[in-house]
There are 4 protein chains.
Amino acid sequence: MSKKQDIMAATLDLIHEEGLQSVTFSKLFKRANVGSGTIYNYFANKEELVNAVYKEARLHMGEYLMQGYDPEASLYERFKCLQLNRLRFGIDFPKEFLFIDSFSYSPYISPELRNMDDPRHSVEVVLSLIVEGQKHGVIKEMDSHFCHQLIHGIISSVLKGYYVEKYPLNEIQIQQMLEASWKAILV
Amino acid sequence: MSKKQDIMAATLDLIHEEGLQSVTFSKLFKRANVGSGTIYNYFANKEELVNAVYKEARLHMGEYLMQGYDPEASLYERFKCLQLNRLRFGIDFPKEFLFIDSFSYSPYISPELRNMDDPRHSVEVVLSLIVEGQKHGVIKEMDSHFCHQLIHGIISSVLKGYYVEKYPLNEIQIQQMLEASWKAILV
Amino acid sequence: MSKKQDIMAATLDLIHEEGLQSVTFSKLFKRANVGSGTIYNYFANKEELVNAVYKEARLHMGEYLMQGYDPEASLYERFKCLQLNRLRFGIDFPKEFLFIDSFSYSPYISPELRNMDDPRHSVEVVLSLIVEGQKHGVIKEMDSHFCHQLIHGIISSVLKGYYVEKYPLNEIQIQQMLEASWKAILV
Amino acid sequence: MSKKQDIMAATLDLIHEEGLQSVTFSKLFKRANVGSGTIYNYFANKEELVNAVYKEARLHMGEYLMQGYDPEASLYERFKCLQLNRLRFGIDFPKEFLFIDSFSYSPYISPELRNMDDPRHSVEVVLSLIVEGQKHGVIKEMDSHFCHQLIHGIISSVLKGYYVEKYPLNEIQIQQMLEASWKAILV
DNA sequence: TATGAATGAGATTTCATTCAT
DNA sequence: CATGAATGAAATCTCATTCAT
């Protein structure tokens, strides 16, 4: 792995373990096993580093969300695919997921980055799925971004409870989550 | 307003505007219009200050959630009251709401504080409401904490989209949110 | 003496002893006997500090140049007063003099500062003295700034040779310098 | 041009533009268009590089000063030749001239280098010219080094005023400088 | 209580130098 | 010879905290 990757991975680890406000460069260098000046070959400062980590995590998640997505499948099948992919991303990559969740609404992340779409256009896909469902009279009429927030909010919240071990997250809960988020937006 | 209140208000303002990691004491003193030593008459250090602000916000929210709560009302009326109170708290006190939301899972807040209940027992009330609904066959069987996360996640998420001006949040959206969260957990 | 004065005096000392490029903050703090953060209460950074020291030295020299200056005295008496004052300033305050001499034409000093006049208007006095002498047919016609440089250049150069102990600088040499600079600009 | 020459030229340029204390190796490499390790093939460290640049500039100036010098010419002709050569060197090679002027008394330059004479013995020539003039009763009796400083000081000072565009430096001013420096040391 | 100049530990950042290619 | 990524010692700078007033 390249030094740059080492640094970004160590950054994500430390933010997850101790929170951004206690990530110092010296902890970072030790963790990433690089010299103290090395970071400046890649990032002008801490803010740029954190933004780069955020961007990479978003790209990773965007990629993951589209796994196995079949544009020809039924509306519900596609909904289910997107919701499950998101949940599984949160289960498989808790550090990335929590980091994105915490910083998406933080002043640390620039608004352009917050509103970025990814190469697989996962954001657009969700939004157009919602609009399509509304056109077919299956999903309730409402602002598509609002609807987007509804179904994602459920996943985030369920994952956070799982992360602090309020409950397990196995097939039963996964089905409950899926059902809840689908029923929430049906007409 | 007392010096102590000035300091706590300035802390919340700055956390909201720039994020905890960029709140420095010198910014705080300028904003609160107090001398740099004054804070130490009230708080032993920065962590204590932030915890005090968190505690106050939690108490404020706990109080707010129980406004107009009638234990004799119908299940749905009580559900509606709690959900609307929470949403309205987020609308009326965005700084408090976001602060609680961001730091509830942060290492900066002591675990005892994170798990605190308030004098009005708002957390317990929600959980027992869920259990009661399940006993009556109205709410779907699932872990009550899981269910709690579902309905709160919707509110948090909807509010965050509103905060970044993705959409307005007037009576129409409020009703949509209410309906969505109720349908999400019905049998 | 105030901390600010301590810092500025230590800066001048160190620049004189080791040159600007080897003045580090840690040497500065030790020499000035202040804590490492103290400087930032007074100067935003090193450049501001050096500029402040330069400005103070210029003010000091401007003050010194006008000592005993009698506007009613004869042209030569006034010339002599100004030249002697400048030379004596160089003898009495070698650190200030050399610092001004070295940095006046260095990119480190902002052009506004280089061209500053002082409250006693010593620069203007010299220039108008030259113009007056030219009007009376005593001093050769030439650009007054050019003439200014001629007579100051002699002093600077003589002082620098003295500083490295090429020769002593007692009454004999002082009279020789005075005579040379006067003859240099006569018609 | 060789890499070595590129590096030395870039060093002189940067010192002229920003001052020695802000010449960093990374600026140097970019300017000289060489890799960061290349310099160590030619110079052991920064100090050696700067000393090499100083030495080359001194040799260049020493060579230049003796241009067209005719040992058989009259005393004034020889004086004039040396003074004009020095002035013209300053006009044609401002970076070299200023660099020599600034660093001749700086601790960065080793003392042996500061006191070097050049292969054309320009320093000795000036000093013996002064002594000869005094023997013939043309130049006023004074320490020859002192006299040397007088006439060089005029040139340096006039050049520095010209560099910061206080006045032009064409034939008129050149003659005025020549006359002034000659009259300054006549009996 | 309230203040704010002073502090210094520790954070960030720079930059001359090395070394594998 | 030439390169430039990597280094880490040393520099600059920040900021929570103290303390005399």
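Residues numbered from 1 in each chain as written. Chains lettered and ligands numbered in written order. Predicted model: local features only at pLDDT ≥ 70, side-chain atom pairs only at ≥ 80, totals over all residues. Heavy atoms only, no water.

## Here we look at the protein's contact with DNA strand F
Inference 1: Taken together, the neighbourhood of DNA strand F is formed by 29 residues, with Thr38 and Tyr42 of chain A, Phe25 of chain B, Phe25 of chain C together with Tyr42 of chain D sitting nearest.
Inference 2: The share of sugar and phosphate among atoms of DNA strand F within 4 Å of the protein is 61%.
Inference 3: Taking Lys3 of chain A, its side chain carries an N or O atom lying 3.4 Å from a phosphate oxygen of DNA strand F.
Inference 4: Within the backbone of Gly35 of chain A, a nitrogen or oxygen atom sits 3.0 Å from a phosphate oxygen of DNA strand F. (Near = heavy atom within 4 Å. Polar contact = N/O pair within 3.5 Å; in protein donor to acceptor, adjacent residues only side chain to side chain.)

## Digging into the packing of helix H5 (residues 94-103) of chain A against helix H8 (residues 144-163) of chain A
In a packed pair of helices, the relevant descriptors are the angle between the two axes and the axis-to-axis distance.
Residue and element names in this part refer to chain A.
Inference 1: Remark: H5 packs on H8, axes separated minimally by 11 Å, with the N-to-C direction vectors making an angle of 125°. With respect to each other, H5 and H8 are oriented oblique. You can see that H5 and H8 cross each other, and the crossing is left-handed. In this structure, H5 uses Pro94, Phe97, Leu98 and Asp101 to contact H8, whose residues at the interface are Ser156, Leu159, Lys160 and Tyr163. (Axes fitted to C-alpha atoms, helices over the stretch in contact; angles between N-to-C directions. Helix = DSSP H or I, 4+ residues; strand = E, 2+ residues; numbered from the N terminus. Parallel < 35°, antiparallel > 145°, perpendicular 65-115°, else oblique. Left-handed = near helix turned anticlockwise from the far one by under 90°. Contact = heavy atoms within 4.5 Å.)

## Brief notes about the protein's contact with DNA strand E
Inference 1: Taken together, 30 residues form the shell around DNA strand E, and within it Phe25 of chain A, Tyr42 of chain B, Thr38 and Tyr42 of chain C together with Phe25 of chain D come nearest.
Inference 2: Backbone atoms, meaning sugar plus phosphate, form 62% of the atoms of DNA strand E positioned within 4 Å of the protein.
Inference 3: In this structure, a phosphate oxygen belonging to DNA strand E sits 2.8 Å away from a side-chain N or O atom of Lys46 of chain A.
Inference 4: Contacts to DNA strand E include Ser36 of chain C, whose side-chain N or O atom sits 2.9 Å from a base nitrogen.
Inference 5: Of the residues belonging to the surface near DNA strand E, the class tally is nine nonpolar, 17 polar and four charged. (Nonpolar A, V, L, I, M, F, W, Y, C, P; charged D, E, K, R; others polar.)

## Focus: the relation of the copies chain C and chain D
Inference 1: With an RMSD of 0.4 Å, the fit of chain C onto chain D corresponds to turning through 178° and sliding 0.3 Å along the axis. With respect to symmetry, the two chain copies, as superposed, fit the operation of a two-fold axis.
Inference 2: Here 97% of the contact residues of chain C are again contact residues in chain D; the copies associate through an equivalent surface. (Least-squares fit on C-alpha atoms with pLDDT ≥ 70 in both.)

## Some points on the state of the cysteines
All names here are of chain B.
Inference 1: Scanning the entire structure with this criterion turns up zero disulfides over all chains.
Inference 2: The structure places no disulfide on Cys81, whose sulfur is separated from the nearest cysteine sulfur, that of Cys147, by 17 Å.
Inference 3: Judged by relative accessible area, Cys81 falls into the buried class, the value being 15%. (Disulfide = S-S within 2.5 Å. Buried < 20%, exposed > 50% of the residue type's maximum accessible area, 1.4 Å probe, protein only.)

## So, the relation of the copies chain B and chain A
Inference 1: Once chain B has been moved 0.3 Å along the axis and rotated by 178°, it coincides with chain A to within an RMSD of 0.4 Å.
Inference 2: Most of the interface of chain B is mirrored in chain A, where 97% of its interface residues are also at the interface.

## Regarding the domain arrangement of chain A
Residues and elements named next belong to chain A.
Inference 1: Each assigned domain of chain A is listed with its residue range as follows: domain 1 (1-42) and domain 2 (54-185).
Inference 2: Each partner contributes residues to the interface: domain 1 has seven residues there, and domain 2 has seven residues.
Inference 3: Buried area between domain 1 and domain 2, both sides added, is near 700 Å², and the carbon and sulfur share of it is 75%.
Inference 4: Considering only the side of domain 1, the residues that lose the most area to domain 2 are Leu12, His16 and Leu20, jointly responsible for 63% of the buried surface there.
Inference 5: For the pair domain 1 and domain 2, the number of links is one salt bridge.
Inference 6: The closest approach of N and O atoms between Lys95 and Asp13, which form a salt bridge, is 2.7 Å.
Inference 7: Between the two partners, domain 1 and domain 2, sit two residue pairs in polar contact (both at pLDDT 80 or more). (Domains from an automatic or database assignment. Buried area = accessible area lost by both parts, 1.4 Å probe. Salt bridge = Lys/Arg side-chain N within 4 Å of Asp/Glu carboxyl O.)

## A few points about the interface of chain C and chain D
Inference 1: Tallying the contact residues gives 38 residues for chain C and 38 residues for chain D.
Inference 2: A combined buried area of about 3200 Å² lies between chain C and chain D, and 65% of that area is made up of carbon and sulfur atoms.
Inference 3: On inspection of chain C and its partner chain D, the count reaches two salt bridges.
Inference 4: Notably, a salt bridge pairs Lys140 of chain C with Glu179 of chain D, separated by 3.4 Å at the nearest N-O pair.
Inference 5: Those elements giving two or more residues to the side of chain C that touches chain D turn out to be helix H1 (3-18), helix H8 (144-163) and helix H9 (171-185) of chain C.
Inference 6: No other element matches the 11 residues that H8 of chain C contributes to the side of chain C that touches chain D.
Inference 7: Per-class residue counts for the side of chain C that touches chain D are 17 nonpolar, 10 polar and 11 charged.

## Quick word on the pattern of salt bridges
Inference 1: Counting across every chain of the model gives 40 salt bridges over all chains.
Inference 2: For the salt bridge of Arg31 of chain C with Glu17 of chain C, the shortest nitrogen-to-oxygen distance reads 2.8 Å. Residue Arg31 of chain C is found in helix H2 (residues 25-32), and its partner Glu17 of chain C is found in helix H1; the two are separated by 14 residues along the sequence.
Inference 3: Relative accessible area serves as the criterion here: at 37%, Arg31 of chain C is assigned to the partly exposed category.
Inference 4: Look at Glu17 of chain C and you get partly exposed, because its relative accessible area is 44%.
Inference 5: Among the ionic pairs, Arg88 of chain C bridges to Glu171 of chain C, the shortest N-O distance being 3.5 Å. Highlighted residues: Arg88 of chain C in helix H4 (residues 75-92) and Glu171 of chain C in helix H9, separated in sequence by 83 residues.
Inference 6: For Arg88 of chain C, a relative accessible area of 33% translates into the label partly exposed.
Inference 7: Residues joined by salt bridges that share partners form a network here, namely Asp13, Glu17, Arg31 and Lys95 of chain A.

## Some thoughts on unusual backbone geometry
Inference 1: For Asn33 of chain A, which is not glycine, the phi torsion reads 60° and is therefore positive.
Inference 2: Mapped onto the elements of the fold, Asn33 of chain A is located in the loop between helix H2 (25-32) and helix H3 (46-65).

## Structural notes on helix H4 (residues 75-92) of chain B
All names here are of chain B.
Inference 1: Taking 1.5 Å per residue as the helical rise, H4 with its 18 residues ought to reach 26 Å, and the 25 Å between its terminal C-alpha atoms agrees with that figure.
Inference 2: Turning to H4, its buried residues number three or more, namely Leu75, Arg78, Phe79, Cys81, Leu82, Gln83, Leu84, Asn85, Arg86, Leu87, Phe89 and Gly90.
Inference 3: Each element contacted by the buried residues of H4 is listed here: helix H3 (46-65), helix H5 (94-103), helix H7 (122-135), helix H8 (144-163) and helix H9 (171-185). (Expected span 1.5 Å × (residues − 1).)

## Focus: the interface of chain B and chain A
Inference 1: Counting residues at the interface gives 38 residues for chain B and 38 residues for chain A.
Inference 2: Contact between chain B and chain A buries roughly 3200 Å² in total, counting both sides, with carbon and sulfur atoms accounting for 65%.
Inference 3: Together, Gln21, Phe146 and Gln149 of chain B form the three largest contributors to the area buried by chain B at its contact with chain A, with a combined 19%.
Inference 4: Counting across the chain B and chain A interface gives two salt bridges.

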